[in-house]
Amino acid sequence: MTPEFAVAIFVAVVAAATPILIAALGELVVERSGVLNLGVEGMMLIGAVTAFIVSVTTGVPALGALAAMAAAAASSLIFGYLTLTLAANQVATGLALTIFGTGVSALVGANYVGMTTPAFGSIFPAALAQDPIWRVVFGYSPLVYASLILTLGVWWFLKYSRAGLILRAVGESDTSAHSIGYPVLRVRYLAVLFGGAMAGLGGSFFSLVLTPMWAERLTSGRGWIAIALVVFASWRPGRLLLGAYLFGAVITLELQAKAAGWSGLAPEFLTSLPYIATIVVLALISARKASARNTAPACLGKPFRPTA
C-alpha cells in the first residue's frame, strides 16, 4: 500500500464518519438530559434538503449549513412540544419525526433531484488541501474540523461547566433537580434544540460535502447509526469520536469492496455492512446489561410531569 493510497483511505474514513459524529453528539446531549429522540434520521434529512436548497439559491454553502441547523432545530421543537409539554411517548414520537422528516424532505426536494451545488471545500490553500500527503491534515471541509471542536466542546461542557452539571442532574433525577429549583423542562427543551441543530448540520454534510447533490433518503439510515453510536460510546464524547471513526472505517470498507468488485460477495451484503456492524455492537452492549444500566442516564425516556 502506497502512502498516497493510505492517505486517500483515511480521508474517506473521516468523510464517512463526520456526519455520524456530528449527529451523535447532538443525540448524546439530548439523552444525557433524560430525553430519547429517535427522530435523528428525519432531522438529518430535513437538514440535508434545506442546506442544498439554500446553497443552490445563494451559492454560499455556509449559509446552507446554518439554514440546515435552523430547520432541523425547528423540527425538533415539534418533538419537544409533544414529549415535554404534552408528555407523549418519546419512542413513538421520535419514530413519527423520522417518518415526517423523510416525507417532507422528499416533497420539498422533488424539484431539486439531480441538481448540483457548489461544494463545501477546504479552507486551506489548494497546494496543501490537494497535496497527496498533506491533505490528510489540510484536505477536509470546515465541517470536519467543526466536528472535532464540537466533540471537545461537548466533553468540556458536560464535565466542567455548571450548565453541563445541571443537564446531567436533570437526566439522572429530574424530580430531585426540580425540587431544588432547576428548570427541568427548559433544560430539556434546550438539549432537544441542540440535538436538532446537530442533526441538521450532520445532514448538511451529505448534500454539501459528500455528494454534493440532493436525492431522496440521501442520509441512507446514518441517523440510526448515530443513535446506536451513543449507546456504544456509553454516553461519553471521547468514545463517541472513536466509535464514529470505527463506523466510518466500516462504511469505507463497503465502498472500497464495491469499487474493487470483490467476487463472491453480493452488492446487497456489502451495502448492509454498516448496519450489520450496528446490530453486532448493540448485541454486545445488551450482553452486558448491568454495565449499560450503570452508564445510561437514569431518567432516559421517562416523561417528567412537574408538580408544585
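All of the points below concern the structure found in this document. Within each chain, residue numbers correspond to sequence positions counted from 1 in written order. Note on the predicted model: pLDDT of at least 70 is required for a residue's local features to be given, and 80 or more for side-chain atom pairs to be given and counted; whole-chain, interface and lining totals, by contrast, use all residues. The basis for every side-chain value is the complete set of heavy atoms in the structure, and neither hydrogens nor water enter the calculation.

### Re the packing of helix 3 (residues 61-85) against helix 4 (residues 90-108)
Link 1 in the chain: Between helix 3 and helix 4, the shortest axis-to-axis distance is 10 Å and the interhelical angle comes to 155°. The angle between helix 3 and helix 4 places the two elements in the roughly antiparallel class. Note that helix 3 runs across helix 4; the crossing there is right-handed. In contact with Ser75, Ile78, Phe79, Leu82 and Thr83 of helix 3, helix 4 contributes Gln90, Thr93, Gly94, Leu97 and Phe100.
Link 2 in the chain: Three classes are used: nonpolar for Ala, Val, Leu, Ile, Met, Phe, Trp, Tyr, Cys and Pro, charged for Asp, Glu, Lys and Arg, and polar for all others, with Gly counted as polar. For the contact of helix 3 with helix 4, the per-class residue count stands at 5 nonpolar, 5 polar and no charged. Working convention: axes come from line fits to C-alpha atoms, limited for helices to the stretch in contact. Angles between N-to-C directions cover 0 to 180 degrees. Counting from the N terminus, the helices are the DSSP runs of H or I reaching at least four residues and the strands are the DSSP runs of E reaching at least two. Should an angle fall under 35 degrees it is taken as roughly parallel, and over 145 as roughly antiparallel, whereas 65 to 115 is taken as roughly perpendicular and any remaining angle as oblique. Less than a right angle of anticlockwise turn of the near helix away from the far helix marks a crossing as left-handed, whereas a clockwise turn marks it as right-handed. Contact between two residues is taken to exist if any of their heavy atoms lie within 4.5 Å; hydrogens are not considered.

### Considering the pattern of salt bridges
Link 1 in the chain: Just to be clear on terms, a salt bridge is a Lys or Arg side-chain nitrogen sitting within 4 Å of an Asp or Glu carboxyl oxygen. Applying the stated criterion across every chain yields a total of 1 salt bridge.
Link 2 in the chain: A salt bridge links Asp174 to Arg188, with the shortest nitrogen-to-oxygen separation between them at 3.4 Å. Of this pair, Asp174 sits in helix 9 (residues 174-179) while Arg188 sits in helix 10 (residues 184-210); the two residues are 14 residues apart in sequence, bridging distant segments of the chain.

### Describing the nonpolar core
Link 1 in the chain: The nonpolar core is taken to be a set of buried Ala, Val, Leu, Ile, Met, Phe, Trp, Tyr and Cys residues, with the residues joined through side-chain atoms within 4.5 Å. Burial classes: relative accessible area under 20% of the type maximum marks a residue as buried, over 50% as exposed, and values in between as partly exposed (1.4 Å probe, protein chains only). Of all hydrophobic cores here, the largest spans 55 residues; its most connected members are Val40, Trp214, Leu229 and Leu240.
Link 2 in the chain: When residues in this core are grouped by element, the largest group, 10 residues, is from helix 1 (residues 3-32).
Link 3 in the chain: Those residues in contact with Leu240 that sit more than four places away from it in its chain are Leu21, Ala24, Leu25, Leu28, Leu229, Val230 and Ala233.
Link 4 in the chain: In this structure, Val14, Leu143, Ala197 and Phe205 belong to the second largest nonpolar core, which totals 17 residues.

### Topic: a nonpolar patch on the surface
Link 1 in the chain: Only residues whose relative accessible area exceeds 30% and that form no salt bridge enter a patch; like-charged residues are grouped when within 9 Å of one another, and nonpolar side chains (Val, Leu, Ile, Met, Phe, Trp, Tyr) when within 5 Å. Note that accessible areas follow from Shrake-Rupley with a 1.4 Å probe, and for residues the cover is restricted to the protein chains shown. A surface patch of nonpolar side chains, amounting to about 460 Å² of accessible area, comprises Ile78, Tyr81, Leu82, Leu86 and Phe100.
Link 2 in the chain: With 3 residues, helix 3 is the single largest residue contributor to the nonpolar patch.
Link 3 in the chain: Mapped onto the elements of the fold, Tyr81 is located in helix 3.
Link 4 in the chain: Here Tyr81 falls in the partly exposed class, since its relative accessible area comes to 46%.

### Examining the side chain of Thr18
Link 1 in the chain: Tracing the backbone through its elements, the reader meets Thr18 in helix 1.
Link 2 in the chain: Counting of polar contacts relies on pairs of N or O atoms within 3.5 Å, with two restrictions inside protein: one atom must be capable of donating a hydrogen and the other of accepting it, and residues adjacent in sequence are counted only when both atoms are side-chain atoms. A polar contact of 2.7 Å, which involves the side chain of Thr18, links it to the backbone oxygen of Val14.
Link 3 in the chain: Dropping the residues within four chain positions of it, Thr18 is found in contact with Leu143, Val144, Ser147 and Phe205.

### Regarding the packing of aromatic side chains
Link 1 in the chain: Here is the rule: rings of Phe, Tyr and Trp (six-membered ring for Trp) pair when centre to centre is within 6.5 Å. Planes less than 30 degrees apart are stacked, more than 60 are edge-to-face, and the remainder are tilted. The full count for this structure, using the stated rule, is 7 aromatic pairs.
Link 2 in the chain: Look at Phe124 and Tyr145: their rings are 5.6 Å apart centre to centre, the planes differ by 75°, and that puts the pair in the edge-to-face class. Of the two residues, Phe124 is situated in the loop between helix 4 and helix 5 (126-129) and Tyr145 in helix 7 (residues 142-160); the sequence distance between them amounts to 21 residues.

### What about the packing of helix 7 against helix 8 (residues 162-172)?
Link 1 in the chain: The geometry of helix 7 relative to helix 8 is characterised by a closest axis approach of 5 Å and an angle of 75° between their N-to-C directions. Viewed along their axes, helix 7 and helix 8 adopt a mutual orientation that is roughly perpendicular. Here Phe157, Leu158, Lys159 and Tyr160 of helix 7 come into contact with helix 8, specifically with Arg162, Ala163, Gly164, Leu167 and Arg168.
Link 2 in the chain: In the contact of helix 7 with helix 8, the residues fall into 5 nonpolar, 1 polar and 3 charged.

In short, geometric facts, not functional conclusions.
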